[in-house]
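# Structural description and commentary
Listed below are the residues making up each chain.
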Amino acid sequence: ELRHGYTVLRSDTALRGMAAELKRISRTQSDKAETGGLIFGEIDDSHRTIWIDSVSGPPSDSKSSPSQFLCGTAGTKEMAAFKAKSSGNSSKFVGIWHTHPVSRGSPSEDDYNAMLK
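Within each chain, residue numbers correspond to sequence positions counted from 1 in written order. Totals for whole chains, interfaces and linings use every residue, but because this is a predicted model, local features are given only for residues with pLDDT of at least 70 and side-chain atom pairs only at 80 or more, for both listing and counting. The side-chain figures draw on all heavy atoms in the structure; neither hydrogens nor water molecules are used.

## A word on the overall build of the protein chain
In terms of helices and strands, the protein chain carries 3 helices and 6 strands. Sequence-ordered secondary structure for the protein chain, helices as α and strands as β, is β-α-β-β-β-β-α-β-α. Radius of gyration: C-alpha atoms only; globule rule: 2.2 Å multiplied by the number of residues to the exponent 0.38. Relative to the 2.2 N^0.38 estimate, which gives 13 Å for 117 residues, the radius of gyration of the protein chain is 14 Å and therefore close to what a compact globule would have. Along the longest, intermediate and shortest principal axes, the C-alpha atoms of the protein chain span 40 × 30 × 30 Å. Expressed as a percentage of its 117 residues, the buried residues of the protein chain come to 28%. Calculation of accessible area relied on Shrake-Rupley with a 1.4 Å probe; when residues are assessed, cover is drawn exclusively from the protein chains displayed. When the accessible area of the protein chain is evaluated, it comes to approximately 7900 Å², of which 56% is carbon and sulfur surface. His is not counted, nor are the chain ends, whereas Lys and Arg count as positive and Asp and Glu as negative. Note that the charge is assigned to NZ on lysines, CZ on arginines, CG on aspartates and CD on glutamates. When the 15 basic and 14 acidic side-chain charges of the protein chain are each reduced to a single mean position, those positions are 4 Å apart. Secondary structure elements are taken from DSSP: a helix is a run of H or I of four residues or more, a strand is a run of E of two residues or more, and numbering for both begins at the N terminus. Three labels apply to residues, based on accessible area from a 1.4 Å probe with only protein chains included: buried if under 20% of the type maximum, exposed if over 50%, partly exposed otherwise in between.

## What about the environment of D44?
Within the element layout of this structure, D44 appears in strand β2 (residues 36-44). A residue is classified by how much of its surface remains accessible, and D44, at 27% relative accessible area, is partly exposed. For the pair D44 and R3, spaced 41 residues apart in the sequence, the C-alpha separation amounts to 16 Å. Setting aside chain neighbours within four positions, we find D44 in contact with Y6 and T49. Contact definition: two residues touch when any of their heavy atoms are within 4.5 Å.

This is the structure we're talking about:
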């Protein structure tokens, strides 16, 4: 993470979760559709490290197309509570991930505007 100088580490489980979602969206919609979900893990400010231990696919009320992914909120509070409880409160919601399969793999202007809001 270049802006704040954090090291980002991820588990193989998180990588497999994203790969599974990419296969699902390709099979059910298109390999050009954006998709995403929630990121769970821990942010350690004292060591400037972000640990990503798992991800979800899109909440059921998400919207996906080749030009945009709008991450829904249905069930997200419950999912975050389950992750926290089952991990002894070491795995929490840390962000949202999504893809840009038909454009550069960097944040779009829509992404920056959403983060500012």
